[in-house]
Structure formats: structure tokens, C-alpha cells
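So you can see what is in the structure, the chains are spelled out below.
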Amino acid sequence: PVHRGITYGKPKTAGVKGVKLNKNKRVIAEQRLGSKFGNVRVLNSYWVNEDSTFTWYEVVCVDPSHKTIRNDPRVNWAVNAVHKHREHRGLTSAGRKHRGMRHKGHKASKLRPSVRAAWRRNNTHHFWRFR
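A. Structural detail: the overall build of the chain. A count of helical and extended segments in the chain gives four helices and two strands. Put simply, the chain runs from its N terminus to its C terminus through helices and strands in the order α-β-β-α-α-α. Summarising its shape, the C-alpha atoms of the chain cover approximately 60 × 60 × 25 Å along the three principal directions. Across the 131 residues of the chain, 21% fall into the buried class. Here the contacts in the chain between residues at least 6 apart in sequence split such that 34% fall between residues at least 24 apart. Here the chain displays about 10800 Å² of accessible surface, and carbon together with sulfur accounts for 54% of that area.

B. Focus on the nonpolar core. Core analysis: the biggest nonpolar cluster contains six residues, these being L43, V62, I69, V75, A78 and V79. When sequence neighbours within four positions are dropped, the list of residues in contact with V75 reads L43, V62 and I69.

C. Spotlight on the packing of aromatic side chains. Per the counting criterion, the structure on display carries one aromatic pair. Residues F54 and W56 carry aromatic rings whose centres are separated by 6.0 Å and whose planes lie at 50° to one another, so their mutual orientation is tilted. Take W56: its relative accessible area is 41%, and that puts it in the partly exposed class.

D. Representation of the environment of S52 in the model. Relative to the helices and strands, S52 resides in the loop between β1 (41–50) and β2 (55–62). With 17 residues separating them along the chain, S52 and S35 place their C-alpha atoms 26 Å apart.

E. Spatial organisation of the side chain of Q31. Mapped onto the fold, Q31 is located in helix α1 (residues 25–36). If we ignore the near neighbours within four places in the chain, the residues touching Q31 are K23, E87 and H88.

F. Spatial organisation of the pairing of β2. Sheet topology note: the β1/β2 ladder contains eight bridges and is antiparallel. When the bridges of β2 are listed, V42 appears paired with C61. Here β1 folds back onto β2, and the loop between the two strands holds four residues.

Basis of the calculations
Residues numbered from 1 in each chain as written. Predicted model: local features only at pLDDT ≥ 70, side-chain atom pairs only at ≥ 80, totals over all residues. Heavy atoms only, no water. Helix = DSSP H or I, 4+ residues; strand = E, 2+ residues; numbered from the N terminus. Buried < 20%, exposed > 50% of the residue type's maximum accessible area, 1.4 Å probe, protein only. Contact = heavy atoms within 4.5 Å. Areas by Shrake-Rupley, 256 points an atom, 1.4 Å probe, with all protein chains shown as cover. Core = buried A, V, L, I, M, F, W, Y, C linked by side-chain atoms within 4.5 Å. Phe/Tyr/Trp six-rings, centres within 6.5 Å; stacked < 30°, edge-to-face > 60°. Pairing = 2+ DSSP bridges.

This is the structure in C-alpha cells:
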């Protein structure tokens with residue numbers, strides 16, 4: 001960021017506005033894996049290591065077509081079609097965190113069920129039919 005947006009000839013990629021990505025690195029790792037391997041369901045992930053350039057995560061996935069997964073009552077909920085690409089819809093633990101779902105009650109009045117739904121609710125006029 002620079003004072004009053006005066007860039008003094010900086011390139012446009014120099015980051016004058018200070019806008020940062022809302023998603024965290026863990027979500028991006030889960031989404032990359034979900035895009036690369038479309039046949040698996042992403043359950044969760046955890047931090048493994050990082051250096052000055054990269055951060056590594058291990059992503060826990062299950063194959064919904066595998067017989068062992070389909071027969072295991074602890075995991076076979078992920079077999080249902082409604083759980084396809086949970087990582088892209090922000091339903092994993094890291095996704096819920098960047099959506100602000102860690103908070104409940106009065107802290108989350110503008111977050112639930114989603115930020116867009118809350119915005120629509122607060123910015124829509126509801127008129128009675130006979131008023």
C-alpha cells in the first residue's frame with residue numbers, strides 16, 4: 001500500500017490496494033486436489049510442513065466407489081451424491097473457517113446461512129400484497 005494510492009510508476013501488479021485472498025492456503029490445497037482427482041471425496045486436511053515459499057498439506061480423501069468405503073458405516077455417508085466436491089462449496093473444516101462458520105449466535109448474524117444470503121436478506125424490500 002502507498003499513501004493515497006500514489007503509485008509513482010509502480011507496475012499494476014505491485015499490490016497498491018492491499019486486497020488479499022479470503023481463502024486460506026489449506027482450502028486452496030483441498031480444491032486443487034478435488035479438481036485433479038474428481039473421483040474422490042475430500043473429507044479434511046491437515047498441515048504437514050512449510051518453508052519460505054511453499055506450504056504442504058495432507059488431504060484426506062475417500063473413493064466412493066470402493067467396496068470397503070461403501071460398507072463402512074463410519075465413512076459411507078460420503079458416498080451420497082450430495083457430498084460431491086465438498087471442498088469447492090466450502091463444506092470442509094478449512095472451508096467453513098474461511099466462510100466464518102466458526103462463530104455462532106450474534107457474531108454470525110451476517111454470515112449465516114451464507115454471506116450472500118444474508119446480504120440479500122438485508123437488502124431486499126418485502127411488500128405485502130395489500131398494504
